Amino acid sequence: MKNTHELNSISEMCEADSHNQLTDLDPLGMDSDSLIQDFRHYFTHTLGRDRRCCSNHYYYKALAQTLRDRLMERWKNTRYAYDEGNCKRTYYLSMEFLMGRALRNAMLNLDVEADVKDGLEELGIVMEDLVEMEHDAGLGNGGLGRLAACFLDSCATLQLPVTGYGIRYEYGMFRQVIEDGYQLEEPDHWLRDGNPWELERPEYAQRIHFGGRTEHFVDPEGKHHARWVDTHDVLAVPFDNPVPGYRNGTVNTLRLWKAAATDEFDLDEFNAGDYADAVEAKNQAEHISMVLYPNDASENGKALRLRQQYFLASASLKDVIRGWKRAHKDFSEFSSKNCFQLNDTHPTIAVAELMRLLVDIERLDWDDAWEITSQTMAYTNHTLLPEALERWSVPLFKQLLPRLLEVIYEINARFLSEVSARWPMDTQRLGRLSIIEEGPVKQVRMAHLAIVGSFSVNGVAALHSELLKQGLFRDFYEIWPEKFNNKTNGVTQRRWMIACNPGLTQLLNETIGESWAYQLDDLKGLRQQASDHAFQQRWMAVRRENKVRLSNTIWRDCGVKFDPDALFDVQVKRMHEYKRQLLNLLHVLHLYDRIKQGDTENWTPRCVLFGGKAAPGYARAKQIIKLINNVARVVNRDRQVRELLQVAFLPNYRVTAMEIIAPGTDLSEQISTAGKEASGTGNMKFMMNGALTIGTLDGANIEIRDAVGEEHFFLFGHSAQQVQDLRPHYNPEHFIQGDNRLSRVMSLLESGHFNQFEPGLFDAIAQSIRSPQDPWLVAADFSSYIDAQQRASEHFNWSERWAQSSILNTACSGFFSTDRTMQEYNRDIWQLNPMAPLTMEMK
Ligand code: 26Q
């Protein structure tokens, strides 16, 4: 790490007036010859390889450099446009950005994929092999992190001035290995071979405070102030990652912070003569950005997680304020020119940190600072599970962030006094609304801080946003109904159709033109083809190729043979009880039972694929992985069964795996207990690629079904309302006795047939289904689930009808583009003007 002096000199240089002579270069060539010329240059001169080295790894690096140069000039032009346009900007604050690979995305958006492929081919190099060399940037757990990545893609494509702020974790989401049917976790050292896309910017490093204590004093004018002193500081060093828009010259920024020790660490401790302590302190500091927490529902109370959250919030806010002060003399226009979108409660400490910076450092009055803060922050909620709502113990907060705790208490006091003015004497209500939860150990409720400190609160699908208003956030909705709004999630069709499904892309382009790449609604032009027999055949031919590709992956990674003519039935997502992988497995057991009984008339052969990671501490989710693997072994080894039914668990599900899976899926399993899945986004990826959904009335499934029509969606299960009504007197035995299929499946599970050498292994799982306390109501939805699966099987056997439904699913998926989602955020929350990059002539 550079020392402080060096840092200052770098910043000075970078703040100096531009030397246009130095930096204005002619644009780089985008033709095959220029690209390949640069590729050869990087391979031989920069990487120093020669004809004896023909490693795809170095080819990949040389190609990435070649593309990065092209991104770099567009990046600079985009920055100039935003800076000089003095436009309003949004900052997307997120602890997770699940970006996946960048190479194909860069080629697609720069429109050079065909030229690169041809040029490499002449050198005897296969472009696809180079794509495979890149590690996934797996800096996220699942839906929330991938959503952030899709949002960035759409903002760049819409030319919206939006910057992502996150953490540059040294280790991303763990690699999942399956051994003897059990999940093992291995570290994901994704930066091991370097990251050709990122650009380190030490000149913009920030100092982040932790610990210490506060002092209060009165200035000569009699005003009260606070100081945060004796802190232990950590440096936040930004690494910028380019986010290219689709063929529009825009390149936005994802700025990821890395933690580094300050020099004092070494100096102070070194002078005290304790070298080992100095090294230890340095390690502590650098730990902050070491690893992503692999929980997709909260694991409360870990001090390091709170440090990460504050590290992100503080570094990002200071960075924005630094940029602001370069061009503005005060903060009067700050809230009309800046917006922070909080991706769940994880970065919500930003509310208190912005207050601290404005009041303590910039010396604004509290009321002015609060006006600015609460007009600048916007909060997105991603969960209804009460256990996932973040809370931090007050003692921990006080130790780690003493000044921030004071600020939160002040925010709370002022908020509660407004509440008691409106509802005098209503102490119950005050207790429910307070940012501080009373109890043996007081807790800071981050969701409350987020709502109080934001001008917008949104859910991520229609049902979810309704349930927030009626349930979890009811009291807040009563106070501020105008803050609450819905923004149904989406996914980017550039990655989730064009990049991952070239066969479908070509067919679509030939049929309806190419505009759907940036106007997904144009897919509706397909509807008229849905019943055209010739078109159906072309459609199904593309789908079959994709199924062959998926089948090869499954053979390679699981050793299981999926027949491409069977129905591919897929559930890939994080392992969680509410998502009910167990219900899916009960259906598998039912099919197995039928085959063993010889009940196989008009059978539809099925291949059932599971995939997903369990949080390392989530024992039940891990047992379910083991159960799936044990069932798969029994089913796949049985000659009588395996022609009709195959089961596989694909290890290490991740962005790159989904790029193979979604195009090859016939039936998408979206079977969460109604009211539990906020939205889901995998459901949208499957739909776009022509899968039919079997699902409950939960999350965005509702909107998917409305869009495609009920005949093309397999609905089952209790609704959110029915779930709520059933729960108090839920009696699973009633459902088990009432359906012979379920009682047989339960007996089969409890017989030990799938754990012959491991007695009792799955008892707890079986008991959970029989428990009246089962929150997920697995038994209650079994019958209607099996019926819906039967309808799906019959539908699949009538191939014209299936083809028609498949085409219509794609045709009706236009609403689920993040381009639409981002336009809604922009219309209702951000109010940004699109801004094209500056070109040479304009400068
Ligand atoms: C919190 C505290 C400590 C450690 C980890 C966490 C943590 C991390 C990640 C809590 C939650 C998450 C991720 C949540 C998530 O992915 N939610 C999903 O968000 C999607 C995008 O909106 C929705 O489609 C899904 O329905 C929702 O489950």
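Residues numbered from 1 in each chain as written. Predicted model: local features only at pLDDT ≥ 70, side-chain atom pairs only at ≥ 80, totals over all residues. Heavy atoms only, no water.

### Looking at the nonpolar core
Move 1: Ranked by internal contacts, the top residues of the largest apolar core, which has 107 residues, are F311, I349, F397 and L401.
Move 2: Look past the residues within four positions of L401 in its chain and what remains in contact with it is H209, F210, W228, L306, Y310 and I349. (Core = buried A, V, L, I, M, F, W, Y, C linked by side-chain atoms within 4.5 Å. Buried < 20%, exposed > 50% of the residue type's maximum accessible area, 1.4 Å probe, protein only. Contact = heavy atoms within 4.5 Å.)

### Focus on the environment of D274
Move 1: In this fold, D274 is placed in the loop between α9 (263–271) and α10 (275–287).
Move 2: Since its relative accessible area comes to 29%, D274 is described here as partly exposed.
Move 3: Separated by 161 residues in sequence, D274 and I435 have C-alpha atoms that sit 42 Å apart. (Helix = DSSP H or I, 4+ residues; strand = E, 2+ residues; numbered from the N terminus.)

### Digging into the packing of helix α14 (residues 366–374) against helix α16 (residues 402–422)
Move 1: Packing of α14 against α16 leaves a shortest axis separation of 13 Å and a crossing angle of 90°. Taken together, the axes of α14 and α16 lie roughly perpendicular to each other. On α16, the residues touching W366, D367 and W370 of α14 are V407, E410, I411 and R414.
Move 2: Within the contact of α14 with α16, the residues separate by chemical class into four nonpolar, no polar and three charged. (Axes fitted to C-alpha atoms, helices over the stretch in contact; angles between N-to-C directions. Parallel < 35°, antiparallel > 145°, perpendicular 65-115°, else oblique. Nonpolar A, V, L, I, M, F, W, Y, C, P; charged D, E, K, R; others polar.)

### Here we look at unusual backbone geometry
Move 1: Here the phi dihedral of N86 falls at roughly 50°; this positive angle occurs in a residue that is not glycine.
Move 2: Among the secondary structure elements, N86 is positioned in the loop between α4 (56–85) and β1 (89–93).
Move 3: A positive phi angle, near 50°, is found at N602, a position not held by glycine.
Move 4: Assignment of secondary structure puts N602 in the loop between α24 (581–597) and β21 (606–611).

### A look at the site of the ligand
Move 1: For the ligand, the set of nearby residues contains 21 residues, the closest of which are N295, H382, N489, E677 and G680.
Move 2: Y578 is positioned with one of its side-chain polar atoms (N or O) 3.3 Å from an oxygen atom of the ligand.
Move 3: At 3.0 Å, a backbone N or O of S679 approaches an oxygen atom of the ligand.
Move 4: With the chains in place, 93% of the 610 Å² that the ligand exposes on its own is no longer accessible.
Move 5: A total of three residues in the shell around the ligand trace back to one element, the largest contributor, which is helix α8 (residues 143–157).
Move 6: Classifying every residue of the shell around the ligand gives six nonpolar, nine polar and six charged. (Near = heavy atom within 4 Å. Polar contact = N/O pair within 3.5 Å; in protein donor to acceptor, adjacent residues only side chain to side chain. Areas by Shrake-Rupley, 256 points an atom, 1.4 Å probe, with all protein chains shown as cover.)

### Quick look at the sheet that holds strand β25 (residues 713–715)
Move 1: Spatial strand order, β22-β21-β20-β23-β24-β25: six strands in an open sheet with parallel pairing. Edge strands, defined here as strands with exactly one partner in the open sheet, are β22 (645–650) and β25. Ignoring strand direction, the axes of neighbouring strands in this sheet form an average angle of 20°.
Move 2: Along the sheet, helix α25 (residues 619–637) contacts β21 and β22; its crossing angle with β22, the most-contacted strand, is approximately 145°.
Move 3: In the packing of helix α34 (residues 778–797) onto the sheet, contacts are made with β20 (567–572), β21, β23 (667–670), β24 (692–695) and β25, and the angle to β25 comes to roughly 160°. (Pairing = 2+ DSSP bridges.)

### Notes on the pairing of strand β6 (residues 182–186)
Move 1: Pairing analysis gives five bridges linking strand β5 (residues 175–179) to β6, with the strands arranged antiparallel. Within β6, the residue paired with I178 across the bridge is Q183.
Move 2: Hairpin geometry of β5 and β6 is characterised by an intervening segment of two residues between the two adjacent antiparallel strands and by a positive phi of about 50° at D180.

### Looking at the packing of aromatic side chains
For any pair of aromatic rings, the description rests on two quantities: the centre-to-centre distance and the angle between the ring planes.
Move 1: As enumerated under the stated definition, the model contains 26 aromatic pairs in all.
Move 2: When the ring of Y379 is compared with that of F473, the centres are 6.5 Å apart and the planes differ by 50°; the resulting orientation is tilted. In this pair, Y379 is assigned in strand β14 (residues 377–380) and F473 in the loop between α19 (462–470) and α20 (474–479), connecting sequence segments 94 residues apart.
Move 3: For F473, a relative accessible area of 1% corresponds to the buried category.
Move 4: Following the ring pairs from residue to residue traces out a cluster consisting of Y92, F97, F151, Y825 and W830. (Phe/Tyr/Trp six-rings, centres within 6.5 Å; stacked < 30°, edge-to-face > 60°.)

### What to know about the pattern of salt bridges
Move 1: Evaluation of the coordinates by the stated rule reveals 61 salt bridges.
Move 2: Here R414 and E410 are joined by a salt bridge, their closest N and O atoms 2.7 Å apart. Of this pair, R414 and E410 are both found in helix α16, four residues apart, which corresponds to roughly one turn of the helix.
Move 3: Looking at R414, the relative accessible area reads 35%, which means it is partly exposed.
Move 4: Between K626 and E758 there is a salt bridge; the shortest N-O distance is 3.1 Å. (Salt bridge = Lys/Arg side-chain N within 4 Å of Asp/Glu carboxyl O.)

### Looking at the sheet that holds strand β15 (residues 391–393)
Move 1: Read from one edge to the other, the open sheet built from three strands follows the order β15-β17-β16, with strand pairing classed as antiparallel. The two strands at the open ends of the sheet, each matched to only one other strand, are β15 and β16 (436–437).
Move 2: Direction of pairing for β15 relative to strand β17 (residues 443–445): antiparallel, over a ladder of three bridges. Across the sheet, residue R391 finds its bridge partner in β17, namely R445.

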